[in-house]
Amino acid sequence: MTRQTATPELRQWIIEQARAGHGPEAVLASMREAGWQEDVAIAALEETLSTYLAEQGREAELPAGSAVPEPSLEGAPASLEVLGHRVAVLTQMHLPRVVVFGGFLSDEECDALVALADPRLARSETVDNDTGGSEVNEARTSEGMFFGRGESELISRIEARIGALLNWPVENGEGVQVLHYRPGAEYKPHYDYFDPAQPGTPTILKRGGQRVGTLVMYLNTPLRGGSTTFPDVGLEVAPVKGNAVFFSYDRAHPVTRTLHGGAPVLEGEKWVATKWLRQGRFD
Ligand code: PD2
Ligand code: ZN
C-alpha cells in the first residue's frame, strides 16, 4: 500500500473538530473511516494539535496594550487644522492603525530639512539588539542623521505640529531622523518597536519606554519606487512630498500588524523624516 501523507486540508479539519469539542478518539475514528492509515492519522493528530496549542498559548501571552498616539478623527474629517496648518486626511485603516496625511509639511519645510540634513548624513545604523548600541545594517541601505529635539525653530515647529496632530507629548518623541535613499536603497520590513526578547531591550527601554507610534514624512517625491509597505495587509503608501504616514502599535507584538518597510527606490532618490514616539519622556 502506498504511504499517505497528511494534507493541509486534513490539518485544518482536525483543528475544526477539536474546536467543535470532539475528543481525539472520535476524531481518529472519523479519520480511519475516511480511509486514513492509522499511524498517519495519529501522527497528523498529534502534530496538528500540539502546534495549534502552542500558537494559542503564545496568543494568550499577549503583552498588555498601552496608550498610543492618535489623531482626532471623530466624524471622519477630510482635513484637520493643526496649529494654523491645514493637514488633509487621505486614508486610514484600523488594523494595522495607519493614517496617511496630505500636506503635513510645506514644500519649504521639506526643502529646508533636506538642506540642513544633507551635510550631516552618515550611513544609517540600526539598534544592535544584543548590546543596545547601534550598528550599520545591510537591511537598511539609506544614509541618515538625527536632529536634536528642539534644536532649531524649524524642528520645534514641526515637532509641535506632530504633537498636536497625534495628541502626544513632544517630550515623548525621539529626535527627527532624516533618511536619504539612493536608487536601489531600501529599508527591509521590520517592526519599529523594540523586540522584548532581545537582551539589549531593557537598557533601551529605560529611556522613554517602548516606541508606540511612527510618523514617516516624505521630503520629496521619488520618480519611481520607494513606497512605505505594510506586507501583512498588502498596503503600499506612495511617497509624495509633504505627505506623511502615521502608524501606531499598542504592544510590542506582531498582532499589531505593523510590519513595514521602505521598498527599493527604482529611479531618482528618496528623502524622508521619521519621528518615533515613545510611551514616556525621552530625555
Ligand atoms: O522610508 C520609509 O519608507 C521607511 C520605511 C520603514 C521608514 C521607516 N521604516 C522608519 O524610519 O522606521
Ligand atoms: Zn520603520
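See above for the structure.
The structure presented is a predicted model; accordingly, all values stated were derived computationally and were not measured.

Q: How should I be thinking about the packing of aromatic side chains in this particular structure?
A: Per the counting criterion, the structure on display carries 5 aromatic pairs. Site record: aromatic cluster; members linked through ring pairs are Y191, Y193, F230, F247 and Y249. R211 extends its terminal NZ or CZ atom over the ring of W276, reaching a point 3.9 Å from the ring centre. The cationic tip of K270 hangs over the ring face of Y181; the distance from NZ or CZ to the ring centre is 4.4 Å.

Q: Sorry if this is basic, but what is going on with the side chain of T274 here?
A: By the secondary structure assignment, T274 is in strand 17 (residues 270–278). If we ignore the near neighbours within four places in the chain, the residues touching T274 are G175, V176, Q177, T214, L215, V216 and M217.

Q: Quick question: what am I supposed to make of the packing of helix 4 (residues 107–117) against helix 5 (residues 153–166) here?
A: Relative orientation and spacing of two packed helices are given, respectively, by the angle between their axes and the distance between those axes. Contact geometry of helix 4 with helix 5 gives a least axis separation of 11 Å together with a crossing angle of 125°. Viewed along their axes, helix 4 and helix 5 adopt a mutual orientation that is oblique. Helix 5 is crossed by helix 4, and the crossing has left-handed handedness. For the pair helix 4 and helix 5, the contacting residues are E109, A112, L113 and L116 in the first and L154, I155, R157, I158 and R161 in the second. Here the contact of helix 4 with helix 5 is composed, by residue class, of 6 nonpolar, no polar and 3 charged.

Q: Hey, could you run me through the pattern of salt bridges in this one?
A: Any two side chains of opposite charge can pair, so long as their charged atoms come close to each other. The tally for this structure, following the rule as stated, stands at 18 salt bridges. D111 is paired through a salt bridge with K241; the nearest N and O atoms lie 2.7 Å apart. Of this pair, D111 sits in helix 4 while K241 sits in the loop between strand 13 (235–237) and strand 14 (244–248), and the two are 130 residues apart along the sequence. Note that D250 is salt-bridged to R251, the shortest N-O span being 3.2 Å. According to the relative accessible area criterion, D250 is partly exposed, its value standing at 29%.

Q: Which parts of the structure should I look at to understand the packing of helix 1 (residues 8–19) against helix 2 (residues 24–33)?
A: For the pair helix 1 and helix 2, the least separation of the axes is 10 Å and the interaxial angle reads 145°. Considering the relative orientation of helix 1 and helix 2, their crossing is right-handed. Contact with helix 1, carried on its side by L10, W13, I14 and Q17, involves V27, S30 and M31 of helix 2 and no other residues of that element. In terms of residue class, the contact of helix 1 with helix 2 is built from 5 nonpolar, 2 polar and no charged.

Q: In this structure, what is going on with the coordination of the zinc ion (ligand 2)? I would like to understand it.
A: Around a metal, the perfect tetrahedron of four donors has angles of 109.5 degrees, and the perfect octahedron of six donors has angles of 90 or 180 degrees. Only H190 (NE2), D192 (OD) and H260 (NE2) from the protein coordinate the zinc ion (ligand 2), and they sit 2.1 to 2.2 Å from it. For H190, a relative accessible area of 16% puts it in the buried group.

Q: It is not clear to me how the site of ligand 1 should be interpreted in this structure. Could you clarify?
A: Within the structure, ligand 1 sits among Y181, Y187, H190, D192, T228, H260, G261, G262, K270, V272, T274 and W276. With respect to ligand 1, the side chain of T274 contributes an N or O atom lying 2.8 Å from an oxygen atom. Considering ligand 1 on its own, with 310 Å² of exposed area, one finds that the protein chains cover 100% of that surface. Looking at the shell around ligand 1, the elements with two or more residues in it are strand 9 (187–190), strand 15 (260–262) and strand 17.

The rules we used
- Residues numbered from 1 in each chain as written.
- Chains lettered and ligands numbered in written order.
- Predicted model: local features only at pLDDT ≥ 70, side-chain atom pairs only at ≥ 80, totals over all residues.
- Heavy atoms only, no water.
- Phe/Tyr/Trp six-rings, centres within 6.5 Å; stacked < 30°, edge-to-face > 60°.
- Lys NZ or Arg CZ within 6 Å of the ring centre and 35° of its normal.
- Helix = DSSP H or I, 4+ residues; strand = E, 2+ residues; numbered from the N terminus.
- Contact = heavy atoms within 4.5 Å.
- Axes fitted to C-alpha atoms, helices over the stretch in contact; angles between N-to-C directions.
- Parallel < 35°, antiparallel > 145°, perpendicular 65-115°, else oblique.
- Left-handed = near helix turned anticlockwise from the far one by under 90°.
- Nonpolar A, V, L, I, M, F, W, Y, C, P; charged D, E, K, R; others polar.
- Salt bridge = Lys/Arg side-chain N within 4 Å of Asp/Glu carboxyl O.
- Buried < 20%, exposed > 50% of the residue type's maximum accessible area, 1.4 Å probe, protein only.
- Donors = N, O, S within 2.8 Å, 3.2 Å for Na, K, Ca; no water.
- Near = heavy atom within 4 Å.
- Polar contact = N/O pair within 3.5 Å; in protein donor to acceptor, adjacent residues only side chain to side chain.
- Areas by Shrake-Rupley, 256 points an atom, 1.4 Å probe, with all protein chains shown as cover.

What is shown is where atoms sit, not what they do.
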